[in-house]
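# Notes for the structure review
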Amino acid sequence: MNNLNKTILALDVFDLRKAESLIKDLSPYIDVFKVGPILFLQSGKEVIKMINDCGKKVFLDLKFHDIPATVERAVKSARDLGVYSLTVHSCGGEEMLRLASSVENRPKIWAVTVLTSQKTTPEEVVKRAKLAKDCGADGVISSPLEIETIKANCGVDFEVVTPGIRPLQSGVNDQKRVATPESAVKAGADFIVVGRPIIAAENPVAAARDIYNSIKNISK
Ligand code: C5P
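Residues numbered from 1 in each chain as written. Predicted model: local features only at pLDDT ≥ 70, side-chain atom pairs only at ≥ 80, totals over all residues. Heavy atoms only, no water.

## Describing the site of the ligand
Let me state the cut-off plainly: Proximity is defined per residue: any heavy atom of the residue falling within 4 Å of a molecule or strand makes that residue near it. Under this definition, polar contacts are N or O atom pairs within 3.5 Å; protein pairs additionally need one hydrogen-donor-capable and one acceptor-capable atom, and for neighbouring residues in sequence, both atoms have to be side-chain atoms. Note on areas: Shrake-Rupley with a 1.4 Å probe; residue coverage comes only from the protein chains shown. Basically, the charged four are Asp, Glu, Lys and Arg, the nonpolar ten are Ala, Val, Leu, Ile, Met, Phe, Trp, Tyr, Cys and Pro, and anything else, Gly included, counts as polar.
Near the ligand, the surroundings consist of 13 residues, among which Asp12, Arg166, Gln175, Gly195 and Arg196 are the closest. Here an oxygen atom of the ligand and a side-chain polar atom of aspartate 12 are 2.7 Å apart. Here an oxygen atom of the ligand and a side-chain polar atom of lysine 34 are 2.9 Å apart. When isolated, the ligand has an accessible area of 460 Å², and the protein chains bury 83% of it. Among the residues making up the shell around the ligand, the classes are represented as five nonpolar, three polar and five charged.

## Remarks on the side chain of aspartate 61
Inclusion rule: In this text, helices come from DSSP runs of H or I with a minimum length of four residues, and strands from runs of E with a minimum of two, each type numbered from the N-terminal end. It only takes one pair of heavy atoms within 4.5 Å for two residues to be counted as in contact.
Relative to the helices and strands, aspartate 61 is located in strand β3 (residues 57–64). A polar contact of 2.7 Å, which involves the side chain of aspartate 61, links it to the side chain of threonine 87. Apart from the residues lying within four places of it in its own chain, the contact partners of aspartate 61 are Lys34, Val35, Gly36, Pro37 and Thr87.

## Some points on the packing of aromatic side chains
To describe a pair of aromatic rings, one takes the distance between the centres and the angle between the planes. Convention followed: Note on aromatic contacts: the rings of Phe and Tyr and the six-membered ring of Trp form a pair at centre separations within 6.5 Å, being stacked when their planes are under 30 degrees apart, edge-to-face when over 60 apart, and tilted otherwise. For every residue, the accessible area (1.4 Å probe, protein chains only) is compared with the maximum for its type, and the residue is labelled buried under 20%, exposed over 50%, or partly exposed between those bounds.
Going through the model one piece at a time under the given rule, you end up with four aromatic pairs. The interplanar angle of 75 degrees and the centroid separation of 4.9 Å between the aromatic rings of phenylalanine 59 and tryptophan 110 together place this pair among those described as edge-to-face. Placement of the pair is phenylalanine 59 in strand β3 and tryptophan 110 in strand β5 (residues 108–112), with a sequence separation of 51 residues. A relative accessible area of 0% means that tryptophan 110 is categorised as buried. Consider the rings of tyrosine 84 and tryptophan 110, whose centres lie 6.5 Å apart with planes at 80 degrees: the pair is edge-to-face. Placement of the pair is tyrosine 84 in the loop between α3 (68–81) and β4 (85–89) and tryptophan 110 in strand β5, with a sequence separation of 26 residues. Neither tyrosine 84 nor tryptophan 110 differs from the other in exposure class; each is buried. An aromatic cluster is present here, built from Phe59, Tyr84, Trp110 and Phe191 joined pairwise through their rings.

## Some thoughts on the nonpolar core
To be explicit about the condition: Here the nonpolar core consists of buried residues drawn from Ala, Val, Leu, Ile, Met, Phe, Trp, Tyr and Cys, with membership extended through side-chain atoms lying within 4.5 Å.
Ranked by internal contacts, the top residues of the largest apolar core, which has 58 residues, are Leu11, Val88, Ile192 and Ile198. What leucine 11 contacts, discounting residues up to four positions off in sequence, is Ala19, Leu22, Ile23, Phe33, Lys34, Leu39, Ile51 and Ile199. Ala10, Trp110, Phe191 and Val193 belong to the second largest nonpolar core, which has 12 residues in total.

## A look at the pairing of β4
Test applied: The pairing criterion is simple: DSSP has to find at least two bridges between the two strands. If you view a crossover with the strands going away from you and the path from the first strand over the helix to the second runs clockwise, you call it right-handed.
Extensive coverage of β4 is indicated by the burial of five of its five residues. Burial along β4 is two-sided: the face carrying Ser85, Thr87 and His89 and the face carrying Leu86 and Val88 are both buried. Two elements, β3 and β4, share three bridges in a ladder whose sense is parallel. From the neighbouring strand, phenylalanine 64 faces β4, where its bridge partner is valine 88. Handedness of the crossover joining β4 and β5 through helix α4 (residues 94–101): right-handed.

## Comments concerning unusual backbone geometry
Even without a glycine there, the phi angle at lysine 63 is positive, about 45 degrees. With respect to the helices and strands, the residue lysine 63 is situated in strand β3. The exposure class of lysine 63 is partly exposed, given its relative accessible area of 29%.

## Brief notes about the sheet that holds strand β1 (residues 7–10)
Pairing between sheet strands relies on hydrogen bonds along the backbone, with the strands arranged either parallel or antiparallel. Stated precisely, the cut-off is as follows: Angles run from 0 to 180 degrees between N-to-C directions of axes, and those axes are lines fitted to C-alpha atoms, restricted for helices to the stretch in contact.
Read around the closed barrel, eight strands run β1-β2-β3-β4-β5-β6-β7-β8, paired in parallel fashion. Between one strand and the next, the sheet's axes are offset by a mean angle of 25 degrees, whatever the strand orientation. As paired elements, strand β6 (residues 139–141) and strand β7 (residues 159–162) share three bridges and run parallel to each other. Paired with isoleucine 141 across the two strands is valine 161, which belongs to β7.

## Let's talk about the packing of helix α1 (residues 16–26) against helix α2 (residues 37–53)
Helix packing for two helices is described by the angle between their axes and how far apart those axes are. Under the convention used in this document: Every angle not falling under 35 degrees, over 145, or within 65 to 115 is termed oblique; those three ranges are roughly parallel, roughly antiparallel and roughly perpendicular. We call a crossing left-handed when the near helix sits turned anticlockwise from the far one by less than a right angle, and right-handed when that turn is clockwise.
Relative orientation of the contacting elements α1 and α2 amounts to 40 degrees, with a least axis distance of 10 Å. The angle between the axes of α1 and α2 places the two elements in the oblique class. Crossing geometry of α1 relative to α2 is assigned as right-handed. Residues Leu16, Ala19, Glu20 and Ile23 of α1 form the contact with α2, whose own contacting residues are Leu39, Ser43, Glu46, Val47, Met50 and Ile51.

If you want it as structure tokens, here you go:
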């Protein structure tokens, strides 16, 4: 358990200054900011430093999938940059997951079970989640519809981080398997990842505040 706000903002913007103003504006409601390949390729270490300098945490979502030794060194580099959490692909296999998890003082490792753009079954997702847990990962990224099954099979302390979150008043965009912030947190999500429902809202601060208020009293 931690005391961080459960909403992670997906900083899906191209521009470092835009990212900085979002972080400052949303700071009462968001503690962890997700940096993906687009912003990372634009601003690299600078964006990570800027988020840390704002007193916030970085979720580096680069979904590592390579030979074990390369992923191990990538995890060390992320640690040295001051990242809070990062993603690896569970399909990288047991040796890769074990070596990544063995890095000292490493960021949290959240394994992608199966990409939501790919067809799968709940059994496959649970199999990947169990593998990630056995290899020492801290949790998984999964669709909100699989939170309860993963928690039932891997234990409540194994973290589940879920994108595909849509408040009732938002459109679904290209997300297919969606849930509201409340239902995801009630199902046991440790963190929800939200992008467009906040960033593309007419008033991003109000959108983030509404999500914050809708989940703040749900205990799990
Ligand atoms: O804008 P939206 O709320 O859909 O953003 C969700 C974020 O989570 C995006 O950065 C997207 O790349 C990421 N993500 C996802 N589905 C996954 C893994 C990551 O939507 N399976």
